[in-house]
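Analysis of the macromolecular model
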Amino acid sequence: MNLDSLYQEIILDHYKKPLGSGLQDNFSGEAFHVNTSCGDEVTVRVLLDGNQILNMTHEGVGCSISRASASVLHALTKEETTETFHVLLDNFVDLMHSQGKVVPDEEVLGDAAAFAGVSKYPARVKCALLPWMAMKDAIEGAGNE
Amino acid sequence: MTLDLGQELKDDFPILSHKVRGVSDLVYLDSAATSQKPKVVIAAESNFYTSTNATVHRSGHELGELASAAYEAARENIARFVGIEPGNLIFTKNATEGINLVAYAVLNATLLAKSGDKRYNKLAIGAEDSIVITEMEHHANIVPWQHLAQVTGARLEYLKVDESGRLDIDESKFSKSTKIVAITHQSNVLGSVTDVAKIVRFANKVGAMVVLDACQSVPHFNVDFKLLGVSAAAWSGHKMLGPTGVGCLYLNDELLGELPPFLLGGNMIENVTYESSTFRSDNAKFEAGTMNIAQVVGLSAAVDYLKNVGMNVIHEHVRELTGAALKGMLSMPGIRILGPTDLTDREGLVSFEVDGVHPHDVSQFLDSKGVAVRAGHHCAWPLHRKLGAVASSRASFYLYNTKEDVDVFLAALDQIRDYFKVA
Ligand SMILES: Cc1ncc(COP(=O)(O)O)c(C=O)c1O
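Each value, and the rule that gives it
Residues numbered from 1 in each chain as written. Chains lettered and ligands numbered in written order. Predicted model: local features only at pLDDT ≥ 70, side-chain atom pairs only at ≥ 80, totals over all residues. Heavy atoms only, no water. Helix = DSSP H or I, 4+ residues; strand = E, 2+ residues; numbered from the N terminus. Rg over C-alpha atoms; globule rule 2.2 N^0.38 Å. Buried < 20%, exposed > 50% of the residue type's maximum accessible area, 1.4 Å probe, protein only. Contact = heavy atoms within 4.5 Å. Lys, Arg positive; Asp, Glu negative; His and termini not counted. Charge placed at Lys NZ, Arg CZ, Asp CG, Glu CD. Salt bridge = Lys/Arg side-chain N within 4 Å of Asp/Glu carboxyl O. Patch = residues over 30% accessible without salt bridge, like charges linked within 9 Å, V, L, I, M, F, W, Y side chains within 5 Å. Areas by Shrake-Rupley, 256 points an atom, 1.4 Å probe, with all protein chains shown as cover. Buried area = accessible area lost by both parts, 1.4 Å probe. Polar contact = N/O pair within 3.5 Å; in protein donor to acceptor, adjacent residues only side chain to side chain. Nonpolar A, V, L, I, M, F, W, Y, C, P; charged D, E, K, R; others polar. Pairing = 2+ DSSP bridges. Axes fitted to C-alpha atoms, helices over the stretch in contact; angles between N-to-C directions. Phe/Tyr/Trp six-rings, centres within 6.5 Å; stacked < 30°, edge-to-face > 60°. Expected span 1.5 Å × (residues − 1). Near = heavy atom within 4 Å. Parallel < 35°, antiparallel > 145°, perpendicular 65-115°, else oblique.

**So, the overall build of chain A**
Tallying secondary structure elements over chain A gives six helices and three strands in all. Scanning chain A from its N terminus toward the C terminus, one meets helices and strands in the order α-α-β-β-β-α-α-α-α. The C-alpha radius of gyration of chain A comes to 14 Å, within 12% of the 15 Å expected for a compact globule of 145 residues. In terms of principal-axis extent, the alpha carbons of chain A reach across some 45 × 30 × 25 Å. When each of the 145 residues of chain A is scored for burial, the buried share is 53%. Within chain A, counting contacts between residues at least 6 apart in sequence, those at least 24 apart form 61% of the total. Of the side chains in chain A, 10 bear a positive and 21 a negative charge, and the two mean positions are spaced by 9 Å.

Structure representation (structure tokens):
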């Protein structure tokens, strides 16, 4: 297994220059998630207009995989609907649990397809999923208010 | 050329010929989490099942006798190894269970005293009492005491870790209200070794019991609990070449007699009626149910192996490797070492941060070179917060590691910042 299949250029770029980093003051829902095995944490805020995601921002400390994943998620969900987010989430979760056996649909997943290599490293799947799960909760939280 | 200890012993540990991800030679630097097992330990456990297996202390048949004899011979061997009588040794599943046993037994004593049983007044703790632990404890030696403090109202106090990463044994934390002092013998993050004699001196002055977490000490150097004068000590077999599933707890005569049992059931009783039960007064009081017999026998084989190599030889070898690692890392840019940077009162492992690279990514990169290190908070989350680190990476050394292992580790470490383009 080649390390570069895990640390794709796209991932390292997002890690270095994360998009949507820094929490917006105006938001509809927020969630804080911790990876209890390593202490990595992320806070995600979403600003919604009905089912429309206007913006997702995030802040946290974590490894390149979890930080890049938050950055990619920001770009992917900007001005999409919450329904689209859930389609993406299902796709991404399936990819993460594929143990490297699924070819990602780049049409759907965009930059998130670069995380395909992560699925070969079970210990890192949680890192990639951390911001996704936080965003899911942030959206749910917004619905409850 | 003379072989170093690790080279000499390598063939005894079949797993060390594992190829990491199918290609790289394994450099196992995670022995502080769990050690690898020599063939003799694997064989001892296996032989027990093929020739001696039965439950102990219950059966009149021959296998029952053989199993009981093997179990008690193992107890004797392991007890002598740490300077105690076999009667003061209790088997558990790991150090965590040993520490919980003491904490829950004190809680039971408190409840029994409240219900009017005067025998337990001395051990009972309450709102006017304190429990002293340290800032460098593993979760296993924090959480049970936090819980005990919470439910009894006792105060939980911390001895501080100083700038250099060593324990500041501040006598003012010890007072007449101090009932329990629970400390680690060696930090699993900083590597620093506690001056246990000093702790015991201060604790004795105020009449507090000392509970020692000996997880990282017993595998690495000669430890004599009677000489140290601690009241209790817990450690795990799997970190000292033994099987998983077996841990040890030392209780001095006083605690052995006075502590009420933790787990209740078979084997630990003296008499049971439908109305009530009485308990054994010896160490059997704390060994409820069918025990981890084969693992105990395996641990005894591990003790024999360690004694054969010699604890002083192991200690010196590991110190040499730790020193070489520290030296190499200190001369590398972008590496921050957690804990003392010299070998005074520190042993066996080096935790570190790589500037700009998360510990998960550090360990992943090292793994791609065959080097296994631990990444995370090493079950010492509060300490990491205090040190201003979310997590860290940790390289730990043991008798089967070689100087070459350290070189491979250092060479790989040196490439990380380039790979992640932060150099
Ligand atoms: C200092 C220390 N205490 C306690 C433990 C807990 O040991 P175990 O998980 O075997 O109960 C460990 C090992 O992780 C340790 O290093």
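**Quick word on the pattern of salt bridges**
Residue and element names in this part refer to chain B. Scanning the model with the defined rule gives 27 salt bridges over all chains in all. Between Asp 282 and Arg 280 there is a salt bridge, and its shortest N-O distance comes to 3.0 Å. A relative accessible area of 30% places Asp 282 in the partly exposed class. Using a relative accessible area of 32% as the deciding quantity, one classes Arg 280 as partly exposed. Two residues, Lys 403 and Asp 407, come together in a salt bridge whose shortest N-O distance is 3.4 Å.

**Notes on a negative patch on the surface**
Residues and elements named next belong to chain A. A contiguous patch of negative charge on the surface is contributed by Asp 105, Glu 106, Glu 107 and Asp 111. Along the chain, Asp 105 falls in the loop between helix H4 (82-96) and helix H5 (106-109). By relative accessible area, Asp 105 is classed as partly exposed at 37%.

**With respect to the interface of chain B and chain A**
Facing 17 residues of chain B, the contacting portion of chain A comprises 24 residues. Approximately 1,700 Å² of surface area, both sides summed, lies buried where chain B meets chain A, with 57% of it carried by carbon and sulfur atoms. The largest contributions to the chain B side of the interface with chain A come from His 360, Gln 364 and Tyr 419 of chain B, which together make up 31% of the buried area. At the surface where chain B touches chain A, the tally comes to two salt bridges. Here Arg 124 of chain A and Asp 361 of chain B are joined by a salt bridge, their closest N and O atoms 2.9 Å apart. Inspection of the region where chain B meets chain A yields eleven residue pairs in polar contact (both at pLDDT 80 or more). Top contributing element to the side of chain B that touches chain A by residue count: helix H11 (residues 359-368) of chain B, with five residues. Its residues assigned to classes, the side of chain B that touches chain A comprises seven nonpolar, seven polar and three charged.

**Examining the sheet that holds strand S10 (residues 247-251) of chain B**
All names here are of chain B. If you walk across this open sheet you meet the seven strands as S4-S10-S9-S8-S7-S5-S6, and the pairing is mixed. The two strands at the open ends of the sheet, each matched to only one other strand, are strand S4 (89-92) and strand S6 (155-159). Looking at each pair of strands side by side, their axes are set apart by 20° on average, direction ignored. Pairing of S4 with S10, which is carried by four bridges, proceeds in the antiparallel orientation. Its bridge partner lying in S10, Ile 90 is registered against Leu 249. Along the sheet face, helix H3 (residues 62-81) touches S4, strand S9 (232-236) and S10 and points at about 115° away from the line of S4. Relative to the sheet, helix H4 (residues 95-114) contacts S4, strand S7 (178-184), strand S8 (209-213), S9 and S10, its axis offset from that of S9 by approximately 150°.

**Quick notes on the packing of aromatic side chains**
Under the counting rule described, the total for this entry stands at 17 aromatic pairs over all chains. With centroids separated by 6.0 Å and ring planes inclined at 70°, the aromatic side chains of Tyr 7 of chain A and Tyr 419 of chain B adopt a geometry described as edge-to-face. Here the residue Tyr 7 of chain A occupies a position in the loop between helix H1 (3-6) and helix H2 (9-16), and Tyr 419 of chain B occupies one in helix H13 (residues 403-419), the pair thus bridging two chains. Classification of Tyr 7 of chain A as buried rests on a relative accessible area of 3%. Note on Phe 92 of chain A and Trp 132 of chain A: the rings are 4.3 Å apart at their centroids and 10° apart in plane angle, and the pair reads as stacked.

**A few points about H13 of chain B**
Residues and elements named next belong to chain B. The terminal C-alpha atoms of H13, which comprises 17 residues, lie 25 Å apart, in line with the 24 Å expected from a rise of 1.5 Å per residue. Those residues of H13 not exposed but buried are Asp 405, Val 406, Phe 409, Leu 410, Ala 412, Leu 413, Ile 416 and Arg 417. Lys 421, located one to two residues past H13, shows a positive phi value of around 55°.

**Some thoughts on the site of the ligand**
Residues and elements named next belong to chain B. Surveying the vicinity of the ligand reveals 13 residues, the closest of which are Thr 96, Asp 213, Gln 216, Ser 236 and Lys 239. The backbone of Ala 95 places a nitrogen or oxygen atom 3.4 Å from an oxygen atom of the ligand. A distance of 2.5 Å separates an oxygen atom of the ligand from a polar side-chain atom of Thr 96. Burial of the ligand by the protein amounts to 87% of the accessible area it has alone, namely 390 Å². Tallied by class, the residues present in the shell around the ligand amount to three nonpolar, eight polar and two charged.

**Looking at the packing of H4 of chain B against helix H5 (residues 143-152) of chain B**
Residues and elements named next belong to chain B. In contact at an axis separation of 9 Å, H4 and H5 are set at 10° when each is read in the N-to-C sense. Comparing the axis directions of H4 and H5 gives the class roughly parallel. Note on element contacts: H5 touches H4 through Pro 144, Trp 145, His 147, Leu 148, Val 151 and Thr 152, opposite Ile 99, Asn 100, Val 102, Ala 103, Tyr 104, Val 106, Leu 107 and Thr 110. When the residues that make up the contact of H4 with H5 are grouped by side-chain class, the tally is ten nonpolar, four polar and no charged.

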